[in-house]
Amino acid sequence: MSRIQQTLAAIDKLHEQDPETIEGKAKELIYAENMSAWLDKLCPDASEELQIAVRSQHLCRWEIPRSEFPMDRPGYLKWRTELGKLHARKAVKVMQENGYSQESCQQTESIIRKLGIKRNAEAQTLEDCACLVFIETDFLNFARQHPEDKVVRIVQKTWAKMSEQAHQQALAMDLPAEALSLIQKALT
C-alpha cells in the first residue's frame with residue numbers, strides 16, 4: 001500500500017470506532033466514504049493533504065457530544081470549532097505516524113479547520129463536499145424535522161458557503177420533489 005492508502009486506512013480504522021451504526025456500519029465511516037466520493041467528482045486530482053482532510057472531516061466526532069455545549073447558536077458554533085480542532089489533531093497524528101512532513105500536516109489541519117475558506121481552494125473544496133453530502137444524504141430528513149422557514153434559511157446559508165461548481169452539482173442531483181421544492185424556495 002502507498003503512504004496515502006495506509007493513512008486513509010488508518011483514518012478509517014478510527015471511523016470504525018464510531019458507536020453509532022447504520023445497518024451495522026459505523027456512521028462516520030459512511031460519511032467519510034461519501035465525502036471522498038464527492039471529492040473524486042469535484043477534484044479527481046486532489047492533493048494527498050486534501051484527500052486526508054476530506055476523509056477526516058468528522059474524525060472521532062462522537063468524542064465531543066453536542067450536549068456538552070449550550071443548546072443555542074453560540075454553543076453550536078463553539079462545538080463546531082472544538083470538533084474542527086479534534087478532527088485536525090487526530091488526522092495530523094495519523095499523518096505523522098505515516099511519515100508526512102510538518103508542512104503537509106499543517107496544510108491538512110488548515111483545510112480541516114476551514115481556515116481561509118473562500119480564499120483557500122482546498123478548504124473550499126472540503127466545504128463543498130460537506131454541503132453536497134448534507135444535501136444528498138441528510139437534507140430531506142432534516143427538513144422533515146424542522147419548520148419550513150428554518151429549512152429555507154439553512155439552505156440559504158449552506159448555498160452561500162458553496163462554490164459555483166458545487167451549486168451546479170447540487171442542482172444536478174436526482175433529489176425527491178419535496179427536497180427540490182425547498183431548495184428552489186430558498187434560492188428565489
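Just above sits the structure.
Okay, so let's go over this structure.

## Side note on the state of the cysteines
Point 1. As enumerated under the stated definition, the model contains zero disulfides in all.
Point 2. No disulfide involves cysteine 43; its sulfur sits 8.5 Å from that of cysteine 129, the nearest cysteine.
Point 3. With no disulfide partner, cysteine 105 has as its closest neighbouring cysteine sulfur the one in cysteine 60, 16 Å distant.

## Here we look at helix 8 (residues 164-172)
Point 1. Taken as a whole, helix 8 has its buried residues at Ala166, His167 and Ala170. Down the axis of helix 8, the buried side of the element spans an arc of 105 degrees, and every buried residue falls inside it. Residues of helix 8 that are exposed and point more than 90 degrees away from the buried face comprise Glu164 and Ala172.

## Re the packing of aromatic side chains
Point 1. Enumeration according to the criterion identifies three aromatic pairs in this entry.
Point 2. Geometrically, the ring pair formed by tyrosine 76 and tryptophan 79 is tilted, given 5.9 Å between the ring centres and 50 degrees between the ring planes. Pair noted here: tyrosine 76 and tryptophan 79 are both in helix 4 (residues 73-97), with a separation of three residues, about one helical turn.
Point 3. Among the residues examined, tyrosine 76 registers a relative accessible area of 28% and is labelled partly exposed.
Point 4. Exposure remark for tryptophan 79: the relative accessible area of 9% places this residue in the buried category.
Point 5. On the basis of an interplanar angle of 70 degrees and a centroid distance of 5.8 Å, the ring pair of phenylalanine 134 and phenylalanine 142 is categorised as edge-to-face.

Criteria and cut-off values
- Residues numbered from 1 in each chain as written.
- Predicted model: local features only at pLDDT ≥ 70, side-chain atom pairs only at ≥ 80, totals over all residues.
- Heavy atoms only, no water.
- Disulfide = S-S within 2.5 Å.
- Buried < 20%, exposed > 50% of the residue type's maximum accessible area, 1.4 Å probe, protein only.
- Helix = DSSP H or I, 4+ residues; strand = E, 2+ residues; numbered from the N terminus.
- Arc of directions from axis to C-beta.
- Phe/Tyr/Trp six-rings, centres within 6.5 Å; stacked < 30°, edge-to-face > 60°.

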